[in-house]
Amino acid sequence: MILLLAGTSDARALAVQVKKAGHEVTATVVTENAAIELQRAEVKVKIGRLTKEDMTDFVNEHRVKAIVDASHPFAEEASKNAIGAAAETAIPYIRYERASQAFTYDNMTMVSTYEEAAEVAAEKKGVIMLTTGSKTLQVFTEKLLPLSDVRLVARMLPRLDNMEKCQQLGFPQKNIIAIQGPFTKEFDRALYKQYGVTVMVTKESGKVGSVDEKVEAAKELGLDIIMIGRPKIEYGTVYSTFEEVVHALVNQTRS
């Protein structure tokens with residue numbers, strides 16, 4: 001059995017590939033929607049966020065041979081839990097991560113944290129569009145919503161819990177864009193123009209996350225960009241292709 005953290009679309013495709021390579025796989029996802037695609041491919045799915053203890057128990061109960069961490073580049077807690085569970089149970093930990101991208105743009109500010117991104121956005125003012133998801137929305141609302149010279153617009157998945165979170169934070173309904181990507185450069189460009197965006201905030205999630213489309217559209221319109229860099233985590237060896245992961249599983253799970 002391989003336990004595979006499958007928090008992204010490419011991670012779920014990896015789970016299918018690992019199964020095709022002859023491994024029994026259980027993929028972990030956070031939502032019911034994410035589970036559907038895996039269930040169609042006849043991959044076992046465990047739904048819900050797992051603590052280190054949850055993973056450790058699962059490894060011991062199901063005789064898991066390796067943990068493949070294909071969680072989102074910004075799912076810091078999930079990765080740390082997987083690293084800890086693998087160490088505690090003495091099984092291989094294999095990290096799959098989308099390759100990073102490098103951008104060159106004079107109006108781009110690189111930051112390390114969401115809090116730093118909010119500080120920079122507050123200094124720039126204007127119409128600020130968040131494309132960073134709902135998980136850290138409160139960091140931005142606390143800093144930016146009180147400012148009279150800032151209009152904060154947020155793009156996020158069209159989920160009920162996201163809308164409830166917006167309501168709890170007092171986020172104006174007219175400034176919520178509830179939609180699921182990926183999006184083309186043309187779509188992003190039209191969206192920026194529709195809302196009169198002057199500053200776009202994003203994360204360095206990789207090409208699969210359509211970051212390049214967002215950036216190119218913003219560059220064409222001359223917008224300011226605030227880019228949040230990936231968390232610094234000691235993964236050990238990191239693989240960026242499915243083939244490398246499958247090869248690592250063969251080498252590291254031999255009995």
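The rules behind each value
- Residues numbered from 1 in each chain as written.
- Predicted model: local features only at pLDDT ≥ 70, side-chain atom pairs only at ≥ 80, totals over all residues.
- Heavy atoms only, no water.
- Domains from an automatic or database assignment.
- Contact = heavy atoms within 4.5 Å.
- Buried area = accessible area lost by both parts, 1.4 Å probe.
- Salt bridge = Lys/Arg side-chain N within 4 Å of Asp/Glu carboxyl O.
- Buried < 20%, exposed > 50% of the residue type's maximum accessible area, 1.4 Å probe, protein only.
- Helix = DSSP H or I, 4+ residues; strand = E, 2+ residues; numbered from the N terminus.
- Arc of directions from axis to C-beta.
- Pairing = 2+ DSSP bridges.
- Axes fitted to C-alpha atoms, helices over the stretch in contact; angles between N-to-C directions.
- Parallel < 35°, antiparallel > 145°, perpendicular 65-115°, else oblique.
- Left-handed = near helix turned anticlockwise from the far one by under 90°.
- Nonpolar A, V, L, I, M, F, W, Y, C, P; charged D, E, K, R; others polar.

### Examining the domain arrangement of the protein chain
Interface size, as often reported, equals the accessible area lost upon joining of the parts.
And step 1. Here the domain parsing of the protein chain yields domain 1 (1–97 + 231–251) and domain 2 (106–226).
And step 2. Using only C-alpha atoms to locate each centre, domain 1 and domain 2 end up separated by 29 Å.
And step 3. In this assembly, six residues from domain 1 lie in contact with six residues from domain 2.
And step 4. The contact between domain 1 and domain 2 buries some 570 Å² in all, and 59% of this surface belongs to carbon and sulfur atoms.
And step 5. The interface formed by domain 1 and domain 2 includes zero salt bridges.

### A word on helix H8 (residues 185–195)
And step 1. Asp 188, Leu 191, Tyr 192 and Tyr 195 are the residues of H8 that are buried. Along the long axis of H8, the arc covered by the buried residues comes to 100 degrees, so they all point the same way. Exposed residues pointing more than 90 degrees away from the buried face of H8 are listed as Glu 186, Lys 193 and Gln 194.
And step 2. In the core, the buried residues of H8 are packed alongside strand E7 (126–130), strand E8 (150–156), strand E9 (176–178), strand E10 (199–203) and helix H9 (211–220).
And step 3. One or two residues past the end of H8 sits Gly 196, with phi positive at roughly 65 degrees.

### Quick notes on the sheet that holds E9
And step 1. The six strands lie next to each other as E6-E11-E10-E7-E8-E9, forming an open sheet whose pairing is parallel. Strands at the two margins of the open sheet, each flanked by one partner only, are strand E6 (108–111) and E9. Shown here is a sheet whose adjacent strand axes are inclined to one another by a mean of 15 degrees, direction ignored.
And step 2. In this sheet, E10 lies alongside E7 in parallel orientation, the contact comprising three bridges. The residue of E10 that forms the bridge with Met 129 is Met 200.

### Concerning the packing of helix H1 (residues 9–20) against helix H10 (residues 242–252)
And step 1. Where H1 contacts H10, the axes come no closer than 10 Å and their chain directions differ by 45 degrees. Here H1 lies oblique to H10, going by the angle between them. Read as a crossing pair, H1 and H10 show a hand that is right-handed. Of H10, the residues touching H1 (which contributes Asp 10, Ala 13, Leu 14, Gln 17 and Val 18) are Phe 242, Val 245, Val 246 and Leu 249.
And step 2. Each residue belonging to the contact of H1 with H10 can be placed in one class, and the counts come to seven nonpolar, one polar and one charged.

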